[in-house]
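Architecture and fold: a report
Listed here are the chains, written in short residue letters.
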Amino acid sequence: MVEKLLEGPKTYYLWLLFLLCVIAGCGIVYLDQLQNGLSVTGMSRDVSWGLYISQFTYFVGVAASAVMLVLPTYFHHYKKFKRMIIFGEFMAVAAVVMCALFIVVDLGQPQRMLNVMLHPTPNSVMFYDMLVLIGYLGLNIIIGWVTLEAERHEIDPPKWIKPLIYLSILWAFSIHTVTAFLYAGVPGRHYWLTAIMAGRFLASAFCSGPAILMLLMLLLRRLTGFDVGKEAVKTLTTIIVYAMCVNVFFFVLELFTAFYSNIPGHMEPIHVLFFGHGGHLLWVSYWMWAAVIMAFGCLAILIPPKLRTHPTLMPIALAMLVAASWIDKGLGLLIGGFTPNMFEAITPYMPTGKEIAVALGVYAVGALVVSLLWRIALGVKKEVNHFSD
């Protein structure tokens, strides 16, 4: 099926060329970071995690969200997702690749990753995070490729793939749960020290990941004519809105716990995120208020069934949902966790231009992986005439 990569219009090749140019340009910036160290980023002694780790966290959720297609399809035999599920699995592959790259660029010396494998520490959450991510990447590659090959030959997938599919469902929950434990297991960071962190991560993943997939599928329909079907769109949008409601509810629970209990350690990070410090708003405060507005705005559109599938309003609502979850789970989560620091002082953090450029390079790698894998999937579906089902 690899030959399908060579089949495509001129715009496809121009898109790949553009991505390669972005990767090359951002790669030069990364070489500068390797040469001069993490001092080129906005991170410091007090803020040791920044933009890179925030994107790692977010895309672990995007990878885990593939389970929202796999579970209904194989547990409840919902056949409407059959046409779309391969794209979700391949998107999960790209997301895990991006997660790995964000960890690489976050390390001042990437070779230190070998220490995790050469000197395993089973009492470390990071050790298990590496295991589950590698395992999930392998599962999605095997399952996606084997099922697509079976579809190409118009036969049922081999029986041995079913146990791997069921295992991938449990694995999807595990990768984001372990990531949440990386945060919730850090003492002294009041914004992260909550038992509901894993629940918040999963709820956010199960709304934002499918929303990204839905937006890409709508774009794919416009570019290629491939349509997953109205019922699949309607069902997945319903799943998205339920998950987003749970996500917002969990955040409200955090607000109640912090402010009703009147515990300073829990209140201060939230207060700083939304209202700044010393009478001055931080740059992230504007982003947080924008996230709140977009979160409730997308729910106002997605909750009413008549608006939920509106051809114009639905993409706008999904875009707002993705942006809101990206701000909350990315910038807000990291800055809130490190503010205030261990000495109750405020150490400001803002990503530098070079930091953003390196992150854009990783985004371009993810886009390249998705483009290549989806090109193969589209080629197979066109070959078996699944464009007109």
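Everything numeric in this text was worked out from a predicted model, so none of it was measured. (Residues numbered from 1 in each chain as written. Predicted model: local features only at pLDDT ≥ 70, side-chain atom pairs only at ≥ 80, totals over all residues. Heavy atoms only, no water.)

1. Focus on the overall build of the protein chain
To keep it simple, the criterion reads: Secondary structure elements are defined from DSSP: runs of H or I of at least 4 residues count as helices, runs of E of at least 2 residues count as strands, and each element is numbered from the N terminus. Note on method: radius of gyration uses C-alpha positions; expected globular size equals 2.2 Å times residues raised to 0.38. With a 1.4 Å probe rolled over the protein chains alone, any residue whose accessible area is under 20% of its type maximum counts as buried; one over 50% counts as exposed, and the rest are partly exposed. Whether two residues are in contact is decided by their heavy atoms, any of which lying within 4.5 Å being enough.
Scanning the protein chain for helices and strands turns up 14 helices and zero strands. What you see in the protein chain, going N to C, is helices and strands ordered as α-α-α-α-α-α-α-α-α-α-α-α-α-α. At 21 Å, the protein chain has a C-alpha radius of gyration in line with the 21 Å of a compact globule built from 389 residues. For the protein chain, buried positions account for 51% of its 389 residues. Of the contacts formed within the protein chain by residues at least 6 apart in sequence, a portion of 78% connects residues at least 24 apart.

2. Focus: the packing of aromatic side chains
The condition that has to hold: What counts as a ring pair is set by centres within 6.5 Å for rings of Phe, Tyr and Trp (its six-membered ring), and what kind of pair is set by the plane angle: stacked under 30 degrees, edge-to-face over 60, tilted for all other angles. Remark: a charge is flagged as sitting over a ring if the NZ atom of Lys or the CZ atom of Arg is within 6 Å of the ring centre and within 35 degrees of the ring normal.
Enumeration over the complete set of coordinates arrives at 25 aromatic pairs. Consider the rings of tyrosine 183 and phenylalanine 201, whose centres lie 5.6 Å apart with planes at 70°: the pair is edge-to-face. Here phenylalanine 201 lies in helix α8 (residues 197-224) and tyrosine 183 lies in helix α7 (residues 161-184), a separation of 18 residues in the sequence. Each member of the pair, tyrosine 183 as well as phenylalanine 201, is classed as buried. Centroid distance phenylalanine 256 to tyrosine 260: 4.9 Å. Interplanar angle 15°. Geometry classified as stacked. Pair noted here: phenylalanine 256 and tyrosine 260 are both in helix α9 (residues 230-261), with a separation of four residues, about one helical turn. Summarising the burial analysis for this pair, phenylalanine 256 and tyrosine 260 share the class exposed. Every member of this aromatic cluster is reached through a ring pair, and the members are Trp49, Tyr183, Trp192, Phe201 and Phe338. The residue whose ring lies beneath arginine 375 is tyrosine 12, and the NZ or CZ to ring-centre distance is 5.6 Å.

3. Focus on the pattern of salt bridges
Heads up, the rule is: Here, a salt bridge means any Lys or Arg side-chain nitrogen found within 4 Å of an Asp or Glu carboxyl oxygen.
Summed over all chains, the structure comprises seven salt bridges. For the salt bridge of glutamate 151 with lysine 381, the shortest nitrogen-to-oxygen distance reads 2.9 Å. Highlighted residues: glutamate 151 in helix α6 (residues 125-152) and lysine 381 in helix α14 (residues 353-383), separated in sequence by 230 residues. Of the residues examined, lysine 381 reaches a relative accessible area of 0% and is grouped as buried. Measuring nitrogen to oxygen at the nearest pair gives 3.8 Å for the salt bridge that ties arginine 200 to glutamate 254.

4. Looking at the packing of α8 against helix α13 (residues 313-338)
Filter applied, for reference: Where helices are involved, their axes are fitted lines through C-alpha atoms of the stretch in contact, as for all axes, and angles between N-to-C directions lie from 0 to 180°. Roughly parallel here means an angle under 35 degrees, roughly antiparallel means over 145, roughly perpendicular means 65 to 115, and every remaining angle is called oblique. Helix crossings are classified by the rotation of the near helix relative to the far one: an anticlockwise turn of less than a right angle makes the crossing left-handed, while a clockwise turn makes it right-handed. Amino acids are sorted into nonpolar (Ala, Val, Leu, Ile, Met, Phe, Trp, Tyr, Cys and Pro), charged (Asp, Glu, Lys and Arg) and polar (every other residue, Gly among them).
Two numbers describe how α8 lies on α13: the axes approach to 9 Å, and their chain directions differ by 140°. Considering their axes alone, α8 and α13 lie oblique with respect to each other. Both α8 and α13 take part in a crossing whose hand is left-handed. Counting all contacts with α8, which are made through Met197, Arg200, Phe201, Ser204, Ala205, Cys207, Ser208, Ala211, Ile212, Met214, Leu215 and Leu218, the residues of α13 involved are Met314, Pro315, Leu318, Ala319, Leu321, Val322, Ser325, Asp328, Lys329 and Leu333. Here the contact of α8 with α13 is built from residues that sort into 16 nonpolar, three polar and three charged.

5. Considering helix α4 (residues 82-106)
Under the convention used in this document: Multiplying 1.5 Å by the residue count of a helix minus one yields the expected span of that helix.
Look at α4: 37 Å from first C-alpha to last across 25 residues, which is about the 36 Å you get at 1.5 Å a residue. Among the 25 residues of α4, 21 are classified as buried, and the element is accordingly described as predominantly covered.

6. Quick notes on helix α2 (residues 51-64)
The terminal C-alpha atoms of α2, which comprises 14 residues, lie 20 Å apart, in line with the 20 Å expected from a rise of 1.5 Å per residue. The element α2 is largely enclosed, with a buried count of 14 among its 14 residues.

7. Side note on the side chain of asparagine 247
With respect to the helices and strands, the residue asparagine 247 is situated in helix α9. Take asparagine 247: its relative accessible area is 7%, and that puts it in the buried class. Aside from chain neighbours lying at most four places away, what touches asparagine 247 is Arg200, Ala203, Ser204 and Cys207.

8. Here's the deal with the side chain of serine 204
Inspection of the secondary structure assignment puts serine 204 in helix α8. Of the residues examined, serine 204 reaches a relative accessible area of 2% and is grouped as buried. Excluding anything up to four places from it in sequence, serine 204 contacts Asn247, Ser325 and Lys329.

9. Details of unusual backbone geometry
Despite not being glycine, glutamate 154 shows a phi value in the positive range, around 55°. Phi is positive for asparagine 262, close to 60°, though the residue is something other than glycine. As for its placement among the helices and strands, asparagine 262 is situated in the loop between α9 and α10 (264-275). Residue asparagine 262 is classed as exposed on the basis of its relative accessible area, which comes to 52%.

10. Let's talk about the environment of aspartate 156
Within the element layout of this structure, aspartate 156 appears in the loop between α6 and α7. Residues aspartate 156 and glycine 265, 109 residues apart in the sequence, show an inter-C-alpha distance of 56 Å.

11. Considering the nonpolar core
What counts, and what does not: Definition used in this section: a nonpolar core is a set of buried Ala, Val, Leu, Ile, Met, Phe, Trp, Tyr and Cys residues joined via side-chain atoms within 4.5 Å.
Met84, Phe87, Phe102, Met217 and Trp374 are the most contacted members of the largest nonpolar core, which has 120 residues in total. For this core, the element with the most residues is α4, which contributes 17 residues. Aside from chain neighbours lying at most four places away, what touches methionine 217 is Met84, Phe87, Phe226, Val228 and Trp374. Judged by nonpolar contacts, the second largest core, of five residues, contains Tyr12, Leu16, Leu19 and Leu368.

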